Amino acid sequence: MRRSNHVIHEKTGGKVFPILTEQKYPASYSAAVSAGLAEKAKNARPALSTHIDDMAEYNTVFIVYPAWWYKMPMAVYTFLDEYDLSGKVIYMCVVSSSSGFTGEISQVMKMEPEAQVVRGISVNGEKVFESRAKIEEWIDGVMSNW
């Protein structure tokens, strides 16, 4: 089973854009968790190493992210600060062990007031590899509205 964003890519034919930071996160889980917590505490906006050349090329954006400390990773906030998503439809998708969506929808609506922000799907991180059918069913519903 591929990750959630790859299932969405396979079903929609869209492009996958990884939101990567200039400073790499530590390889060890506990060190990466600590780094994420430190960014959250500072409300940091880590610099991105990946960028989209022409956001006007896209009408629909799927933001697929892991919940870090009950929030989107701070790099996703950097992405939202960097791009104007006015007029676009944004589907929010979270992978989480327990929290699911915890206010990110309203936060993104504040950051992108001229976009249509849609609560997408929440996938349990411990069952992400078994969730392909759930994700495909959700995408089929999304695409039937296009």
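Before going into details, it helps to say that this report is about the structure given with it. (Residues numbered from 1 in each chain as written. Predicted model: local features only at pLDDT ≥ 70, side-chain atom pairs only at ≥ 80, totals over all residues. Heavy atoms only, no water.)

A look at the side chain of Thr-50
Piece 1. Its location among the elements puts Thr-50 in the loop between α2 (29-42) and β1 (60-66).
Piece 2. Reaching out from Thr-50, the side chain makes a polar contact with the backbone oxygen of Pro-18 at a distance of 2.7 Å.
Piece 3. Reaching out from Thr-50, the side chain makes a polar contact with the backbone nitrogen of Leu-20 at a distance of 3.1 Å.
Piece 4. When near neighbours in sequence (up to four residues on either side) are disregarded, Thr-50 contacts Phe-17, Pro-18, Ile-19 and Leu-20. (Helix = DSSP H or I, 4+ residues; strand = E, 2+ residues; numbered from the N terminus. Polar contact = N/O pair within 3.5 Å; in protein donor to acceptor, adjacent residues only side chain to side chain. Contact = heavy atoms within 4.5 Å.)

A short note on the nonpolar core
Piece 1. Counting 23 residues, the largest nonpolar core has Leu-85 and Met-92 as the members making the most contacts within it.
Piece 2. Broken down by element, the residue count for this core peaks at 6 residues, all from helix α3 (residues 74-82).
Piece 3. Beyond its immediate stretch of four places on either side in the chain, Met-92 contacts Ile-63, Tyr-65, Met-72, Phe-101, Glu-104, Ile-105, Val-108, Val-117, Val-118, Arg-119, Gly-120 and Ile-121.
Piece 4. Counting residues in hydrophobic clusters, the runner-up holds 11 residues, among them Tyr-91, Cys-93, Ile-135 and Val-142. (Core = buried A, V, L, I, M, F, W, Y, C linked by side-chain atoms within 4.5 Å. Buried < 20%, exposed > 50% of the residue type's maximum accessible area, 1.4 Å probe, protein only.)

Observations concerning the packing of aromatic side chains
Piece 1. The tally for this structure, following the rule as stated, stands at 6 aromatic pairs.
Piece 2. Seen from their ring centres, Tyr-91 and Trp-138 are 6.0 Å apart, and the 80° between their planes marks the pair as edge-to-face. Of this pair, Tyr-91 sits in strand β2 (residues 89-96) while Trp-138 is found in helix α5 (residues 132-144), placing the two residues 47 residues apart along the sequence. The two residues Tyr-91 and Trp-138 agree in class, both being buried.
Piece 3. A connected cluster of aromatic rings, assembled from ring pairs, spans Phe-17, Phe-79 and Tyr-83. (Phe/Tyr/Trp six-rings, centres within 6.5 Å; stacked < 30°, edge-to-face > 60°.)

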